[in-house]
Amino acid sequence: MTGAPSGEELKACCAAAYSSDVVALLLGDSYHPGGTALTRRLADGLGLTPGARVLDVASGRGTTALLLADAYRCDVDGLDYAPANTALAQGAARATGLADRARFATGDAEHLPYPDGVFDAVVCECALCTFPDKARAASEFARVLKPGGRLGITDVTADADRLPPELTGLGARIACVADARPLQQYAGILTAAGLHTRRTERHDNAMLRMIDQIEARLNLLRMTAPAGLTATGIDLAAAPAVLRAARTAVMDGVLGYGLLVAVRDEPCGPTPGPPPVTRPGEGSTGP
Ligand SMILES: C[S@@+](CC[C@H](N)C(=O)[O-])C[C@H]1O[C@@H](n2cnc3c(N)ncnc32)[C@H](O)[C@@H]1O
C-alpha cells in the first residue's frame, strides 16, 4: 500500500485485523470496551422487545447479535465486512441453537444489503469509528430503520486534535482510535442523516479496563508464545508505549468510550436538539 490508504483498503485492513485469532485472544468474545454488560445496557436503552427486527452492523464474531437473539428474543441480522467473522458467527448461531433467530451476512456498512424501513432497531458497536465514510453509514442506518426506529451505538470517542503521535497512525485507526470522534460529533453526523440523539453516556472506565486487559494478555503471550505473537505482525517493542499513551489519553479526557441512542424521524415528527452528555449514575436523558 503506497500513500494514504483508500476507503476500501482501510475497510479490508480493519476486517483482516478483526478476523485474526490473536485479536480474539487479546479482546475476548466482545470486541468492544464494556463487553456484554454494556451491550445489555444499550439493548435496555433501545427498549428491545421479543420479536423486534434488529440489525447489528459490523457484527464481528456475532457476540452482540447472539445476545440480542437469546436474552432479548429479537430476530437479528448481523453484517460484517470480514467473511471469516461471518462464518464464525454463523457457526456460533448454529452451535447455540439460535440460527432461527440470528443470521449473518458479509457486507459493507456504507452499502447495507437490506431494503428500506425494515428494522425496528440498528445497533453498531465499536465500528462507526473505523468507517471511512461515517455520514454514508449513518444515512444507511436511517434508510433501513422503520420511521420511529432506534439506533444504538457504543463507540470509541476521541478528541483528534489532542491525540498523541502514538495514537494517530494506520495501526491506531484500525485499533478504533485514530478516526474516532467526540460523542457530540457522532450525534451531529447522525442528525444530518435524520437520526435524533435522545441519550448519550460516557463509559471511559470501560476503555481503561480494556487497555489493562490487552496489556495483561500481551504480557502473558509474550512469555508463553513469543514466536506466535511475532508472526502476527504486532509491534511488540512499540506496544508498551502505545498502551501507556492510550491510558494517559483516557485519564486526560482525550480518549474514551461512549453510548448513544438515537431515533429515526417519524414523518413530520419533532426534531429535538442535542442532549447533554452524562456518565452512568449521573442521570441521563431517557430514550
Ligand atoms: C472492533 S470490531 C467490533 C465487532 C463487534 N461489533 C463487537 O463489538 O464485538 C470492528 C468490526 O467492524 C468490522 N468492519 C469494519 N469495517 C466494516 C464495514 N465497512 N462494514 C461492515 N463491517 C465492518 C470488522 O470486520 C470488525 O468485525
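These numbers were taken from a predicted model, which means no experiment stands behind them.

## Here's the deal with helix α6 (residues 134–144)
No. 1: Those residues of α6 not exposed but buried are K134, A137, A138, E140, F141, A142 and V144.
No. 2: Check the buried side of α6 and you find it contacts β1 (53–57), β4 (119–125), β5 (145–158), α8 (183–192), β6 (195–202) and β7 (255–264).

## Focus on the pairing of strand β3 (residues 102–106)
No. 1: Bridge analysis of strand β2 (residues 75–80) against β3 gives five bridges, and the strand direction is parallel. Opposite V76, over in β3, you have A102 as the bridge partner.

## Here we look at the site of the ligand
No. 1: Neighbouring the ligand are 22 residues; Y31, H32, A58, D80 and A109 lie closest to it.
No. 2: Within the side chain of D80, one N or O atom sits 2.6 Å away from an oxygen atom of the ligand.
No. 3: Contact between the ligand and A109: a nitrogen atom at 2.9 Å from a main-chain N or O atom of the residue.
No. 4: It is helix α1 (residues 7–17) that contributes the most residues to the shell around the ligand, three residues altogether.
No. 5: Partitioned by chemical class, the residues of the shell around the ligand number 12 nonpolar, six polar and four charged.

Calculation notes
- Residues numbered from 1 in each chain as written.
- Predicted model: local features only at pLDDT ≥ 70, side-chain atom pairs only at ≥ 80, totals over all residues.
- Heavy atoms only, no water.
- Buried < 20%, exposed > 50% of the residue type's maximum accessible area, 1.4 Å probe, protein only.
- Helix = DSSP H or I, 4+ residues; strand = E, 2+ residues; numbered from the N terminus.
- Contact = heavy atoms within 4.5 Å.
- Pairing = 2+ DSSP bridges.
- Near = heavy atom within 4 Å.
- Polar contact = N/O pair within 3.5 Å; in protein donor to acceptor, adjacent residues only side chain to side chain.
- Nonpolar A, V, L, I, M, F, W, Y, C, P; charged D, E, K, R; others polar.

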